[in-house]
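Each chain is listed here by its residues.
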Amino acid sequence: EALPTSGPTSGPTSGPTNGSTSGSPSAPRAPLQVTAFLGEHRIPPATQYGGTTVGGFSGLDRDAASGTWIVVSDDRSSLQPARFYTADLRFDGPDGALSGVELTATTPFLRPDGTPYPPLDGGDGTTVDPEDIRIDPITDQLLWSQEGDRIVPADGTAPTLIDPTVRFAGRDGRFGSELAVPAEQRADAGERGIRQNLGPEGLTFADGGNLVVTALEGPLLQDGPVPTRTAGALSRIVLQTRTGDVVSEFAYPQEPIFADAVPADGFANNGVTAVLAVDDADPAHFLVVERSFVTGVGNKVRVYEVNTAGATDVAGGQPVSGATPVQKRLLVDMADLPLGSVDNIEGMAWGPDRADGSRTLVFVSDDNFSDTQVTQFVAVAVR
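K.L.:
How should I be thinking about the pattern of salt bridges in this particular structure?
P.N.:
Scanning all chains against the criterion turns up 25 salt bridges. Taking the shortest distance from any N to any O, the salt bridge between D132 and R134 comes out at 3.9 Å. Measuring nitrogen to oxygen at the nearest pair gives 2.8 Å for the salt bridge that ties R291 to E217. Of this pair, R291 sits in strand β19 (residues 285–294) while E217 sits in the loop between β15 (211–216) and β16 (233–241), and the two are 74 residues apart along the sequence. For E217, a relative accessible area of 4% translates into the label buried. Salt bridges sharing partners connect three or more residues here, namely D95, R354, D356 and R383.

Right, here's the structure in full:
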């Protein structure tokens with residue numbers, strides 16, 4: 001029996017496209033449903049593996065040919081070099097439930113000169129903030145995104161400005177190539193570009209690997225304010241070719257913050273942490289994770305089914321204000337799953353197909369290397 005879901009948030013979800021990158025609709029598609037909870041597995045904070053501190057898991061993907069999982073850490077080379085892990089996720093519990101997670105290797109990302117990325121403090125300005133990772137369906141290599149940096153001190157001292165990037169890499173972590181950064185996303189000391197810690201967080205392939213799709217965690221500076229308790233915000237979903245040419249950009253409507261902070265001046269936010277193509281041949285149909293954290297309350301994590309068909313293309317730096325955003329409908333609120341708590345979910349990927357025809361969908365949380373959080377793998381079945 002399907003778990004509870006809500007109706008459309010910004011209009012009914014339209015059907016898939018005809019396989020072109022234009023986002024034009026064709027036959028209607030039945031909405032997705034989460035049909036079963038398939039369990040969770042937790043890794044305690046400060047767990048050590050291969051000389052590294054396990055944590056900061058911000059993205060994951062599965063190699064369908066081998067069954068191996070790739071998991072990226074957002075350690076900015078502060079504890080150990082920026083890196084990813086391989087893992088074995090077992091689904092041999094009752095009804096194919098997630099029964100365990102075992103790390104099998106860890107590999108640092110390497111710069112073009114073959115050296116690991118340095119930390120921000122004391123580094124040379126090439127540090128990275130890894131946020132998502134995908135296995136390239138065409139080359140079998142890796143693609144990973146990082147948010148960059150934008151620190152503009154109020155005292156007028158020199159800012160730290162590091163552009164976000166999307167990079168191809170080998171399975172051994174070696175640098176391959178880099179997509180061009182859309183001009184409107186660059187780190188700028190003025191009133192344009194990415195906000196600090198709100199750059200391209202989600203990453204997926206579409207159209208059989210011919211398109212690279214990124215989702216910004218929050219609005220660009222020129223795209224308006226971040227979400228508040230009473231108002232949502234507009235971020236962007238960006239489609240590029242494998243060489244970095246922007247094909248299209250769409251406004252994504254983020255939800256307002258779900259609760260008041262305790263105390264009232266505590267931290268509260270909402271943002272996009274993952275994007276995932278639903279069908280490799282359909283460049284308009286995605287899942288999107290919105291993760292909100294409120295001091296004194298905790299996390300709320302919602303997963304939306306998204307279609308870009310009919311949305312205004314705002315490529316080329318066009319404003320999102322006044323644009324028709326993508327359509328979205330709630331697939332699942334993780335508060336409705338039988339979890340003792342919901343941590344800071346940042347990664348999402350398809351797992352193995354199930355015997356009943358449904359698909360396994362897996363999430364992972366970023367524990368922020370905090371002793372009050374956990375690394376949490378959560379699995380559900382989707383039809």
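K.L.:
Any chance you could explain the sheet that holds strand β7 (residues 100–108) here in plain terms?
P.N.:
One key point about sheets: their strands pair by backbone hydrogen bonds, in either a parallel or an antiparallel sense. The sheet built from four strands is open, its strands ordered β4-β5-β6-β7 with antiparallel pairing. Both outer strands of the open sheet, β4 (57–62) and β7, are each paired with one neighbouring strand and no more. Here the strands of the sheet are splayed against their neighbours by 25° on average, with no regard to which way each runs.

K.L.:
I would appreciate a short explanation of the side chain of R354 in the present structure.
P.N.:
In this structure, R354 sits in the loop between β22 (345–353) and β23 (359–365). Filtering out sequence-adjacent residues up to four positions away, R354 remains in contact with L38, D95, G96, R359, T360 and A381.

K.L.:
In this structure, what is going on with the sheet that holds strand β14 (residues 200–206)? I would like to understand it.
P.N.:
A sheet is described by the order of its strands in space; here four strands give the open sequence β14-β15-β16-β17, paired in antiparallel fashion. Edge positions in the sheet fall to β14 and β17 (246–254), since each of these pairs with one other strand and no more. Geometrically, the sheet is characterised by an average inter-axis angle of 20° between neighbouring strands, direction not taken into account. Both β14 and β15 contribute to a ladder of six bridges, which runs antiparallel. Looking at β15, one finds that A206 is bridged to L211.

What counts as what
Positions within a chain are numbered from 1, following the residues in the order the chain's sequence is written. In view of the model being predicted, local features appear only for residues whose pLDDT reaches at least 70, and side-chain atom pairs are presented and counted only at 80 or more, with totals across whole chains, interfaces and linings using the full set of residues. In computing side-chain values, all of the structure's heavy atoms are included and hydrogens and water are not. Only one rule defines a salt bridge in this text: a Lys or Arg side-chain nitrogen within 4 Å of an Asp or Glu carboxyl oxygen. Numbering goes from the N terminus for both helices and strands, where a helix is a DSSP run of H or I of at least four residues and a strand is a run of E of at least two. The cut-offs for exposure are 20% and 50% of the maximum accessible area for each residue type, with area from a 1.4 Å probe on protein chains only; residues under the lower value are buried, those over the upper are exposed, and the others partly exposed. In this analysis, strands are considered paired if DSSP registers two or more bridges between them. As a rule, the C-alpha atoms of each element are fitted with a line to give its axis, helices using only the stretch in contact, and angles between N-to-C directions run from 0 to 180 degrees. Working rule for contacts: check all heavy atoms of both residues, and any pair within 4.5 Å makes them a contact.

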